[in-house]
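Observations on the three-dimensional arrangement
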Amino acid sequence: MEADGTRRQASVRVGMAQMRVIAGQPRQNLQRAGEFIEQAAQAGCDLVVLPECLDICADDLPESLAIGEVLACMGAQMLVSPCAWAVPPEHDNTLTPYGSLWRGAYGEVAQRFGLPVVGVSNVGWVEQGKWAGHAVIGCSLAMAGDGRVLAQGPFGVDAETLLTVELPLRAGYSPVPG
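Let me sum up the structure you'll find in this document. Here the structure is a predicted model, which is why all the values come from computation and not from measurement. (Residues numbered from 1 in each chain as written. Predicted model: local features only at pLDDT ≥ 70, side-chain atom pairs only at ≥ 80, totals over all residues. Heavy atoms only, no water.)

Moving on, we get to the pairing of strand S9 (residues 149-152). Where strand S8 (residues 141-143) lies against S9, three bridges are found, and the strand directions are antiparallel. Paired with Met-143 across the bridge in S9 is Val-149. (Pairing = 2+ DSSP bridges. Helix = DSSP H or I, 4+ residues; strand = E, 2+ residues; numbered from the N terminus.)

Judged by pairing direction, the sheet is mixed, and its three strands sit side by side in the order S2-S1-S10 without closing on themselves. Sheet topology places strand S2 (47-49) and strand S10 (161-168) at the edges, where each strand pairs with a single neighbour. Within the sheet, the average angular offset between the axes of one strand and its neighbour, ignoring direction, is 25°. As paired strands, strand S1 (residues 11-18) and S2 are joined by three bridges and run parallel to one another. Across the sheet, Gly-15 pairs through a bridge with Val-48, a residue of S2. Against the sheet, helix H1 (residues 26-42) touches S1, S2 and S10, its axis set at about 45° to S10. (Axes fitted to C-alpha atoms, helices over the stretch in contact; angles between N-to-C directions. Contact = heavy atoms within 4.5 Å.)

A sheet is described by the order of its strands in space; here three strands give the open sequence S4-S7-S6, paired in antiparallel fashion. Two strands bound the open sheet, and with one partner strand each, they are strand S4 (86-87) and strand S6 (123-125). Taken together, the three bridges between S6 and strand S7 (residues 135-137) define a ladder with antiparallel strand orientation. Bridge pairing in S7 links Trp-125 to Ala-135.

In this section: helix H3 (residues 100-113). With 14 residues, H3 ought to run about 20 Å at 1.5 Å a step, and its terminal C-alpha atoms sit 20 Å apart, in line with that. Gly-114 lies just past H3 and shows a positive phi near 65°. (Expected span 1.5 Å × (residues − 1).)

Counting 20 residues, the largest nonpolar core has Trp-85, Tyr-98, Tyr-106, Leu-115 and Ile-137 as the members making the most contacts within it. Ignoring any residue separated from it by four or fewer positions in sequence, one finds Leu-115 in contact with Gly-68, Ala-72, Ala-76, Gln-77, Met-78, Leu-79, Val-109, Ala-110, Gly-145 and Arg-170. Counting residues in each nonpolar core, the second largest holds twelve residues, with Val-12, Met-16, Leu-167 and Leu-169 among its members. (Core = buried A, V, L, I, M, F, W, Y, C linked by side-chain atoms within 4.5 Å. Buried < 20%, exposed > 50% of the residue type's maximum accessible area, 1.4 Å probe, protein only.)

Of all five residues making up strand S5 (residues 117-121), five are buried, and the element is well covered by its neighbours. Sheet analysis places strand S3 (residues 79-83) next to S5, joined by five bridges and oriented parallel. Bridge pairing in S5 links Leu-79 to Val-117. Note: S5 against S8, three bridges, orientation antiparallel. For Gly-119, the partnering residue across the bridge sits in S8 and is Leu-141.

So, about the pattern of salt bridges. The tally for this structure, following the rule as stated, stands at five salt bridges. In this structure, Arg-32 engages Glu-160 in a salt bridge whose closest nitrogen and oxygen atoms are separated by 3.1 Å. Linking Arg-32 in helix H1 with Glu-160 in the loop between S9 and S10, this pair joins segments that are 128 residues apart in sequence. Here Glu-160 falls in the partly exposed class, since its relative accessible area comes to 34%. With its nearest N and O atoms 3.3 Å apart, the salt bridge here joins Glu-108 to Arg-112. Here the residue Glu-108 and the residue Arg-112 both occupy positions in helix H3, the gap between them amounting to four residues, near one helical turn. For Arg-112, a relative accessible area of 32% puts it in the partly exposed group. (Salt bridge = Lys/Arg side-chain N within 4 Å of Asp/Glu carboxyl O.)

Below, the structure written as structure tokens:
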């Protein structure tokens with residue numbers, strides 16, 4: 001129960017829109033996003049997370065713990081991470097399954113701060129810039145505050161899908177010595 005007498009929601013149903021994003025096609029991308037949002041609404045989702053849509057960025061993983069801690073201390077109940085996870089065209093997912101880097105980074109944030117994490121990636125090919133020719137491969141990920149994987153999207157440039165997950169929200173935070 002909150003100080004104002006309202007009850008805090010214990011979980012949220014999240015729609016993870018692992019969708020194709022086509023560079024230079026904002027109208028098509030927005031239309032596709034609208035379709036995913038409609039599907040998520042029909043599935044009873046409270047929140048829809050769309051992937052990173054503007055550019056591929058280079059993530060600074062060591063900084064993710066500091067960012068997670070700041071957000072946790074500010075009262076965040078979950079961390080939402082729009083992404084564009086890419087691999088070089090020669091990547092063989094059967095030899096080197098994708099995802100351990102993100103399960104590790106997100107898992108550490110989740111466990112250390114009790115903060116559920118949702119990362120949603122787009123799918124397709126990068127056509128411009130220094131990442132041109134790389135495959136954006138989905139593998140969207142939802143983790144509970146204890147670091148358990150609750151949902152993971154499929155791998156592949158054509159792996160467009162809507163995942164739904166019931167995500168338990170964090171009730172409160174007290175710093176854990178690390």
